[in-house]
Amino acid sequence: MPSISSKGNAMPQSPIRKLVPFAEAAKKNGTKVYHLNIGQPDIKTPQVALDAVKNNTIEVLSYARSEGSEEYRTKLANYYAKNDIHVTANNIIATTGGSEALLFTIGSITDPGDEIIIPEPFYANYNGFSTASGVKVVPVISKIEDNFALPAIEDFEKLITSKTKAILICNPGNPTGYLYSKEEIEKLKQIVLKHDLFLIADEVYREFTYDGEKHNSVMTLEGLEQNAIMIDSVSKRYSMCGARIGCIVSKNEEFIGTAIKFAQARLSPPTYALIASEAALDTPQSYFDEVIEEYEDRRNTLISELQKIDGVKVANPKGAFYCVAELPVKDSDDFAQWILEKFSDNNETVMVAPASGFYSTEGEGKNQVRIAYVLNKADLKRSVEILKIALEKYNS
């Protein structure tokens with residue numbers, strides 16, 4: 001029998017999706033499952049985006065340009081300018097989701113065996129993208145006790161080798177919801193300039209900041225033009241996860257020229273999704289004001305309820321719509337499966353994402369889970385109530 005590649009065998013399972021069969025089995029048995037495991041917002045997609053597809057008169061659904069239409073990229077650049085990010089259409093490549101943007105980026109700046117330093121916990125698919133490119137993730141651990149703040153720059157410095165090509169951050173963070181301060185971004189700028197590295201910033205949650213805090217983009221830093229690479233997506237901003245449109249943004253012409261070759265190899269992003277994404281840029285600010293207020297209320301509800309459970313420790317997120325909670329269990333993977341497979345309260349249960357999959361350091365995050373507060377407040381309260389009952393029974 002032909003053998004599978006070592007790279008294929010090394011590809012990690014998604015901690016977010018690997019429990020889906022257990023959730024589906026629970027549903028078939030008549031149990032309602034509250035999904036706290038995945039960042040799929042229940043917020044309505046802007047009508048202007050839906051109408052752009054619904055009312056379109058296209059007769060031939062043709063290829064788009066490999067980098068996305070100039071109209072879309074120009075309109076996107078105008079959107080960024082409102083956020084103090086001054087780029088042109090030529091600095092932008094439209095991709096099939098932020099995932100493809102990351103794959104193209106890693107492919108453009110690394111060779112097999114190279115290293116990327118990432119503060120952990122981090123978005124689980126960074127492990128997969130790196131494995132697919134034969135690249136080693138070098139983690140620098142942030143702590144729940146520090147609310148998952150940026151680790152000391154000295155911790156980064158100790159990990160830099162001749163193989164290091166980039167530092168990758170997610171800001172605001174998935175899975176932690178941590179929002180990097182201007183001072184922290186400035187520290188990262190200094191270290192990548194000192195060691196001639198790329199600074200990749202996954203900024204897909206830019207709009208979602210709370211408590212009056214401001215997002216600080218790597219694209220706003222002077223002197224970092226040749227080092228900064230921004231990853232973005234329409235998925236969360238406009239509640240358009242299914243559109244699968246993201247982008248790479250950088251002022252480094254050599255990097256963009258290289259990434260375009262990857263874009264050409266896969267031909268083009270999906271045409272209808274580009275049309276919807278271009279129209280979504282006309283979404284009024286009032287939409288975001290309402291959404292952010294809703295998410296802030298949900299965050300407050302979730303954190304408040306979790307803090308009432310004995311033995312639970314939770315970080316307070318300042319952005320995105322996730323938090324990491326430490327549970328009074330030894331193995332959150334086992335608990336997350338058990339709560340779907342063997343537990344229900346009034347025929348209801350919850351699905352969480354075990355946090356160990358958001359680390360690359362063996363043994364880290366074993367008693368943590370990521371919770372996405374993408375449900376309404378009543379459902380969040382009920383979900384935490386179920387979680388409390390489940391923990392009591394699991395530990396009895």
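So, a few notes on the structure that sits alongside this text. Being a predicted model, the structure only gives us computed values, none of them experimental.

## Some words on the environment of Ser-5
Link 1 in the chain: Relative to the elements of secondary structure, Ser-5 occurs in the segment before helix H1 (6-10).
Link 2 in the chain: With a relative accessible area of 41%, Ser-5 lands in the partly exposed category.
Link 3 in the chain: At 2.8 Å, the side chain of Ser-5 and the backbone nitrogen of Gly-8 are in polar contact.

## A few points about a nonpolar patch on the surface
Link 1 in the chain: On the surface, a nonpolar cluster with roughly 250 Å² of combined accessible area is contributed by Ile-58, Leu-61 and Tyr-272.
Link 2 in the chain: Inspection of the secondary structure assignment puts Ile-58 in the loop between helix H3 (47-54) and helix H4 (70-81).

## Section: the pattern of salt bridges
Link 1 in the chain: One pass over the structure, following the stated rule, counts 28 salt bridges.
Link 2 in the chain: With its nearest N and O atoms 3.0 Å apart, the salt bridge here joins Asp-211 to Lys-318. Of this pair, Asp-211 sits in the loop between strand E6 (198-202) and strand E7 (228-233) while Lys-318 sits in the loop between strand E9 (313-314) and strand E10 (322-326), placing them 107 residues apart in sequence.
Link 3 in the chain: The class for Asp-211 is partly exposed, based on a relative accessible area of 35%.

## Observations concerning the sheet that holds strand E2 (residues 92-95)
Link 1 in the chain: Spatial strand order, E2-E8-E7-E6-E5-E3-E4: seven strands in an open sheet with mixed pairing. Both edges of this open sheet fall to E2 and strand E4 (136-141), since each of them pairs with a single strand only. In this sheet, adjacent strand axes meet at a mean angle of 20° when their direction is disregarded.
Link 2 in the chain: As defined by bridge partners, strand E3 (residues 115-120) adjoins E4 across six bridges and the pair is classed as parallel.

Thresholds applied
- Residues numbered from 1 in each chain as written.
- Predicted model: local features only at pLDDT ≥ 70, side-chain atom pairs only at ≥ 80, totals over all residues.
- Heavy atoms only, no water.
- Helix = DSSP H or I, 4+ residues; strand = E, 2+ residues; numbered from the N terminus.
- Buried < 20%, exposed > 50% of the residue type's maximum accessible area, 1.4 Å probe, protein only.
- Polar contact = N/O pair within 3.5 Å; in protein donor to acceptor, adjacent residues only side chain to side chain.
- Patch = residues over 30% accessible without salt bridge, like charges linked within 9 Å, V, L, I, M, F, W, Y side chains within 5 Å.
- Areas by Shrake-Rupley, 256 points an atom, 1.4 Å probe, with all protein chains shown as cover.
- Salt bridge = Lys/Arg side-chain N within 4 Å of Asp/Glu carboxyl O.
- Pairing = 2+ DSSP bridges.
- Axes fitted to C-alpha atoms, helices over the stretch in contact; angles between N-to-C directions.

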